[in-house]
Amino acid sequence: MVEIKTDTALEMMREAGRVVAQALAAARGAAAVGVSLRELDEAARTVLDEAGARSPFLGYQPSFAPTPFPAVICASVNDALVHGIPGDYRLRDGDLVSVDCGAELDGWTGDAAISFTVGTPRPGDLELIAATQRALDAGIAAATVGHRIGDIAHAVSTVARTVDCGMPADFGGHGIGRRMHEDPHVPNHGRPGRGFPLRHGLTLAIEPMLMAGGRNEYRTDPDGWTLRTIDGSRAAHIEHTIAVTRDGPRVLTVL
């Protein structure tokens, strides 16, 4: 069931989104050569705690996962696409890092992700991140009243195709509001004019995941969570929670 949010609810989601942006900024600020992924998680956790927010990631266990997720962020490095568990791995010069974070505040949720490099970027990484950002920007621009979910998906996939990047076909964005994952599903592949109609008050998490190798396949680590590119190529993941409004798309997960 798709819930259309009131303007009051959108303002409350904006506050949750602001906490997400602060947590992501803290994680990125903590990232440096020699810092563990667990320390990035601790930086984000401090922001959530100080804001009085709850993590929708911590303890989350969807049907595909063998165990509940043990952290407040996903931290995916290099060929890890999404859902990386932040553990003892220490960042190295040239790593490409994607951090995904959510926050629930006063009953409303925000969800966003960033990708960045540590130290000296490796060839192609900044271009991959920039392409992922363009794909997200295109998806957000398509999120207007009168369009459909397929228009968002088509905008995202068009950018990925122009740079010969792959994207997983069965992972994408989602509705969001009282819970982190709500209807409708927001795929990163699709046809314009198809799918759920976009209305004022619809809130979505749009999240392109680009794989530099150009293939759409991925593999799952033994932890049952971390997804990796099948060919070992680098991956980037960027996400925002947005609201469809009469005045155009509104990004909720910014500072």
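It should be noted that the structure appears before, not after, this text.
The written sequence of each chain sets the order in which its residues are numbered from 1. Only residues with pLDDT of 70 or above have their local features reported here, since the model is predicted, and side-chain atom pairs are shown and tallied only from 80 upward, although totals for entire chains, interfaces and linings are computed over all residues. With hydrogens and water excluded, all non-hydrogen atoms of the structure serve as input to the side-chain values.

(A) Structural context of the sheet that holds strand E6 (residues 182-186). Think of it this way: DSSP has to see at least two bridges between two strands before they count as a pair. A helix here means a DSSP run of H or I that spans at least four residues, while a strand means a run of E at least two residues long, and both kinds are numbered starting from the N terminus. As summarised here, the arrangement of the five strands in space is E6-E5-E7-E12-E13, forming an open sheet in which the pairing is antiparallel. The strands lining the two open edges of the sheet, one partner per strand, are E6 and strand E13 (250-251). Sheet analysis places strand E12 (residues 240-243) next to E13, joined by two bridges and oriented antiparallel. In the strand pairing of E13, Ala243 is matched with Arg250.

(B) Spotlight on the environment of Pro168. Within the fold, Pro168 resides in the loop between helix H4 (149-162) and strand E5 (173-175). With 48 residues separating them along the chain, Pro168 and Asn216 place their C-alpha atoms 4.8 Å apart.

(C) Looking closely at helix H1 (residues 7-30). What a helix should span is 1.5 Å times the count of its residues minus one. Given a rise of 1.5 Å per residue, 24 residues ought to cover 34 Å, and the 35 Å separating the end C-alpha atoms of H1 matches this to within 8%. Among the residues of H1, Ala9, Leu10, Met13, Arg14, Ala16, Gly17, Val19, Val20, Ala21, Ala23, Leu24 and Ala27 are the ones counted as buried. The criterion used for residue contact is that any of the two residues' heavy atoms lie within 4.5 Å. Elements in contact with the buried residues of H1: helix H2 (37-51), strand E3 (96-105), strand E4 (108-117), strand E7 (203-206), E12 and E13. Here's how the labels work: a residue is buried when its accessible area is under 20% of the maximum for its type, exposed when over 50%, partly exposed in between, all with a 1.4 Å probe on protein chains only.

(D) Broad picture of the pattern of salt bridges. Basic side-chain nitrogens of Lys or Arg form a salt bridge, by our definition, when they fall within 4 Å of a carboxyl oxygen of Asp or Glu. Per the stated rule, a full pass over the model turns up 13 salt bridges. Across the pair Arg228 and Asp79 runs a salt bridge whose closest N-O atoms are separated by 2.7 Å. Here Asp79 lies in the loop between strand E1 (73-77) and strand E2 (80-82) and Arg228 lies in strand E10 (residues 227-229), a separation of 149 residues in the sequence. Taking relative accessible area as the criterion, Asp79 reaches 16% and is therefore assigned buried.

(E) Molecular detail of the packing of aromatic side chains. The pairing test for Phe, Tyr and Trp rings, Trp by its six-membered ring, is centres within 6.5 Å, and the orientation test on the planes gives stacked under 30 degrees, edge-to-face over 60, and tilted for anything in between. Per the counting criterion, the structure on display carries four aromatic pairs. When the centroid spacing of 5.0 Å and the interplanar angle of 75 degrees are considered together, the rings of Phe69 and Trp225 count as edge-to-face. Of the two residues, Phe69 sits in the loop between H2 and E1 while Trp225 sits in the loop between strand E9 (218-220) and E10, which places them 156 residues apart along the sequence. Since its relative accessible area comes to 3%, Phe69 is described here as buried. Connected via pairs of aromatic rings, a cluster forms that spans Phe64, Phe69, Phe171, Tyr218 and Trp225.

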